[in-house]
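# Coordinate inspection notes
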Amino acid sequence: ILDIKDSKINNTLIINVTGNLITNITINVTQGWNMIGMISEPININQIISNPPNIVSSNYFAYNNGYQTVTTLLSSKGYWVKVNQSGKLTLQ
C-alpha cells in the first residue's frame, strides 16, 4: 500500500500495489554518484554488500525538502550514493 499525500489539495490517496516481494537485488553502479532503488523490506546500510569491497565513498542520501543522510533504506524510495569505482551493490 502506498500512502501518497498531496499538499496542493490537502488530500491523501491510498494505492494498493500487488506483486512479488523483492528480497534481494544486485545493482550495477558506476564511479561517481548513483541513484539506487530498494527491495521490499527496510535495510540498514551496514547490510549492503559491495563488490569490490569498500567502493562506497559517501553517505546514502534521500530527498525530502532537501537531501538528508539516512542509515536505513525504505521500500519504494530512491537513494543517492557515491562510489569510487564501478562495481555492484547487493541488498538482501
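To be clear, the structure that these remarks concern was listed above.
This report concerns the structure included in the present document. All residue numbers refer to positions counted from 1 along the written sequence of the respective chain. Selection of residues for local features in this predicted model requires a pLDDT of at least 70, selection of side-chain atom pairs for listing and counting requires 80 or more, and totals for whole chains, interfaces and linings are taken over all residues. The side-chain figures draw on all heavy atoms in the structure; neither hydrogens nor water molecules are used.

### Some remarks on the pairing of strand S8 (residues 67-70)
- In short, DSSP must find at least two bridges between two strands for them to pair. Secondary structure elements are taken from DSSP: a helix is a run of H or I of four residues or more, a strand is a run of E of two residues or more, and numbering for both begins at the N terminus. Where strand S7 (residues 60-63) lies against S8, four bridges are found, and the strand directions are antiparallel. Bridged to Phe61 within S8 is Thr69.
- Joining the antiparallel neighbours S7 and S8 is a turn of three residues, in which Asn65 adopts a positive phi near 60°.

### What about the packing of aromatic side chains?
- Only Phe, Tyr and Trp rings take part, Trp by its six-membered ring, and two of them pair if their centres are within 6.5 Å. Stacked means planes under 30 degrees apart, edge-to-face means over 60, and tilted covers everything else. Inspection of the entire model under this criterion finds two aromatic pairs.
- Here Tyr63 and Tyr67 contribute two aromatic rings whose centre-to-centre distance is 4.8 Å and whose plane-to-plane angle is 70°, an arrangement assigned as edge-to-face. Across the pair, Tyr67 and Tyr63 agree in class, each one exposed. Think of it in three bands: with a 1.4 Å probe and only protein chains considered, a residue is buried below 20% of the maximum accessible area for its type, exposed above 50%, and partly exposed in between.

### A closer look at the pairing of strand S11 (residues 87-91)
- Among the five residues that make up S11, four are buried, leaving the element largely enclosed by the rest of the structure.
- The pairing of strand S3 (residues 25-29) with S11 spans five bridges and is antiparallel. Its bridge partner being in S11, Ile27 is matched across the sheet by Leu89.
- Judged from the three bridges that link them, strand S6 (residues 49-51) and S11 form a sheet pairing that is antiparallel. For Ser50, the partnering residue across the bridge sits in S11 and is Leu89.

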